[in-house]
Amino acid sequence: MNYKSTRGESNVRETEALLKGLANDGGLYVPETFPMNSLTYEDLADKNYQEIAYIVLQKFFPSFSKAVLKEAIQSAYSQSNFDTLDIAPLHSLLERVSVLELFHGRTQAFKDMALSLFPYLLVEARKAEGETRETLILTATSGDTGKAALEGFKDVKGTHIQVFYPTDGVSPMQQEQMQKQEGNNVNVTAIRGNFDDAQQFLKRLFVDQDMANEVDKKGVMFSSANSINIGRLAPQVVYYVATYARLVDIGAIHKDEVFNVVVPTGNFGNILAAYYAKMMGIPVGKLICASNRNNVLTDFFKTGVYNMNRPFYTTLSPSMDIVESSNFERFLYYISEQDADVTKKRMADLKATGELSVSETEKKQIDGQFAGVYCNDEETKAIIEQVYNSYGYLLDPHTAVAFGAYMKELHAHPEDGARHTVIAATAHPFKFPPVICQALDIREGDTPYDSLENISAVTGVAFPKPLEALKDKELRFTKVIDKENMRHEILDFIDTF
Ligand SMILES: *Cc1c(COP(=O)(O)O)cnc(C)c1O
């Protein structure tokens, strides 16, 4: 299968797209021919996660041999990486509401769903492309991608990984997970600023030919583990397909029955994966895009205008503190009916003015399929408390934003109540001990671990093993730099290879 860029560059091999991450013209790779309506329940019935993963992924990566893809899937979605056989279990919260738990991987966030598999795809792509240079994965993280990418790539031969996280925003637990990272091919650096600063810098670096030449002389090429990479996006489609199959398997919906999906959104990767599943034939109804106070997407779905000229807020759901959602470009591409010229022009507008808009016709199209809703921090805490007190189920702050968005949308459209709704749960609540303590009025300890002991004692929720083990590990990466020095940091790291 060939890929093309949302801005026009075409005829790119899938392994090339995987390896490069971002197209030369600055666009994002999308399949040249999308596998539209290529899935039916009959293909999926009674299959397990790994089997469904194979069915979905071979549509995006048909050049991979069956044996290679199957082995990658078995290794990625194994019992050493996930603490449940279901991989992405559905928790039935209410009669028509299921929580899709995406936090059972090694780092307790949904990023593990893709980043457990992605390194295998990348290693294979290196082989297929005859790439002999070392691959340096550059990653900007709003909190969870960094750790998941570090775990996925640690000590993978031929690869190195550099993670940048912003000092403003990531939770203490997220920071500690990264600062204590193990492995001999990893580097983690904090930058003064916010996530958008880090992400913008890396996006520019990927298309900087001088830098590419400079590192090429050192026998190195860059790649990205951010959700702009098609190797991140495709594995995320799997759990929406698997969820549909499971809902039908257990009789929660009929095979032709439409269900809604609520996704706590930052970079628009996870919700785009749900949209991909819909385009592939899964009967997804409304996609509810949940945001925190950084509600640029809520405003877009209301008005058809994406306006980045606004303040950036740090919130209790840091992985959604994003104003420039990079996967939104892929969405623009599809709603323009895959028109690369239009998409390119819109992205140029966005760059020039900080703003872009869609046409009336496109807006109508979007209205039938998407809704944007946001919750602020006070609401987020209230929801954690309310859901815990009512149903005994503990939400992390990101998932709480999604639950709040579901409630608000239901209030505005009571008819939605007749439909089954799936809420994507993107992180384990134990990644955010201060918020949980505040929401449930539990005493905070001197360290995050003490707080978690208290939360565990009150709620009975077990400590995820990897978080417990973190306590006694040593701090390895505590450097903080200005964003102007990111380039230097990368070159210094390369000199240690
Ligand atoms: C990354 C992340 C999000 C946002 O996902 P996108 O794909 O960037 O929209 C939401 N919640 C958590 C916990 C995350 O780690």
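It should be emphasised that the depicted structure is a prediction, and the values quoted were computed from it without experimental measurement.

(A) Molecular detail of helix H3 (residues 49–60). The first and last C-alpha atoms of H3 sit 17 Å apart over twelve residues, in line with the 16 Å expected at 1.5 Å per residue. In terms of burial, H3 is largely enclosed, as ten of its twelve residues are buried. Among the residues of H3, Tyr-49, Gln-50, Ile-52, Ala-53, Tyr-54, Ile-55, Val-56, Leu-57, Lys-59 and Phe-60 are the ones counted as buried. Capping the start of H3 is the job of one residue whose side-chain oxygen sits 3.1 Å from the backbone nitrogen of Gln-50: Asn-48.

(B) How the structure looks around the site of the ligand. Within the structure, the ligand sits among 15 residues, and Lys-111, Asp-144, Gly-266, Asn-267 and Thr-426 are positioned closest to it. Here an oxygen atom of the ligand sits 2.8 Å away from a polar atom, N or O, in the main chain of Gly-266. Expressed as a share of its isolated accessible area of 380 Å², the protein-covered part of the ligand is 98%. Grouping the amino acids of the shell around the ligand by side-chain chemistry returns five nonpolar, eight polar and two charged.

(C) Looking closely at the environment of Thr-167. In this fold, Thr-167 is placed in the loop between strand E7 (159–166) and helix H8 (172–179). In contact with Thr-167, other than residues within four places in its own chain, are Ala-190, Ile-191, Arg-192, Gly-193 and Val-480. At 3.4 Å, the side chain of Thr-167 forms a polar contact with the side chain of Asp-168.

(D) Molecular detail of the pairing of strand E10 (residues 259–264). Burial within E10 is extensive, with six of its six residues counted as buried. Alternating residues of E10 divide into Phe-259, Val-261 and Val-263 and Asn-260, Val-262 and Pro-264, and every residue in both groups is buried. Examined bridge by bridge, E10 and strand E11 (residues 284–291) share five bridges and lie parallel to one another. Along E11, the bridge assignment pairs Val-261 with Leu-287. Between the parallel pair E10 and E11, the chain is carried across by helix H12 (residues 269–279), and the sense of this crossover is right-handed.

(E) Structural detail: unusual backbone geometry. A positive phi angle is found at Asn-37, which is not glycine, with a value near 40°. As for its position among the elements, Asn-37 is in the loop between strand E3 (29–31) and helix H2 (41–44).

(F) Just the pattern of salt bridges, in detail. This model, assessed by the stated rule, comprises 27 salt bridges. With its nearest N and O atoms 2.7 Å apart, the salt bridge here joins Arg-346 to Glu-362. Residue Arg-346 is located in helix H15 (residues 340–353), and its partner Glu-362 is located in helix H16 (residues 360–367); the two are separated by 16 residues in the primary sequence. No difference in accessibility class separates Arg-346 from Glu-362, as the two residues are buried.

(G) Molecular detail of the pairing of strand E15 (residues 420–425). When you tally the buried positions in E15, you get six out of six residues, the bulk of the element. Here E15 shows a buried face lined by His-420, Val-422 and Ala-424 and a second buried face lined by Thr-421, Ile-423 and Ala-425. As paired strands, strand E5 (residues 97–101) and E15 are joined by five bridges and run parallel to one another. When the bridges of E15 are listed, Glu-101 appears paired with Ala-425. Bridge analysis of E10 against E15 gives four bridges, and the strand direction is parallel. Each residue of the ladder has a partner; that of Phe-259, found in E15, is His-420.

(H) Local environment of the sheet that holds strand E6 (residues 134–140). Read from one edge to the other, the open sheet built from five strands follows the order E9-E6-E7-E8-E16, with strand pairing classed as parallel. The sheet is open, and its two borders are formed by strand E9 (220–224) and strand E16 (480–482), each paired with just one other strand. Going from strand to strand, the sheet's axes swing by 30° on average, the running direction of each strand aside. Both E6 and E9 contribute to a ladder of five bridges, which runs parallel.

Conventions and cut-offs
- Residues numbered from 1 in each chain as written.
- Predicted model: local features only at pLDDT ≥ 70, side-chain atom pairs only at ≥ 80, totals over all residues.
- Heavy atoms only, no water.
- Helix = DSSP H or I, 4+ residues; strand = E, 2+ residues; numbered from the N terminus.
- Expected span 1.5 Å × (residues − 1).
- Buried < 20%, exposed > 50% of the residue type's maximum accessible area, 1.4 Å probe, protein only.
- Polar contact = N/O pair within 3.5 Å; in protein donor to acceptor, adjacent residues only side chain to side chain.
- Near = heavy atom within 4 Å.
- Areas by Shrake-Rupley, 256 points an atom, 1.4 Å probe, with all protein chains shown as cover.
- Nonpolar A, V, L, I, M, F, W, Y, C, P; charged D, E, K, R; others polar.
- Contact = heavy atoms within 4.5 Å.
- Pairing = 2+ DSSP bridges.
- Right-handed = clockwise from strand over helix to strand, strands pointing away.
- Salt bridge = Lys/Arg side-chain N within 4 Å of Asp/Glu carboxyl O.
- Axes fitted to C-alpha atoms, helices over the stretch in contact; angles between N-to-C directions.

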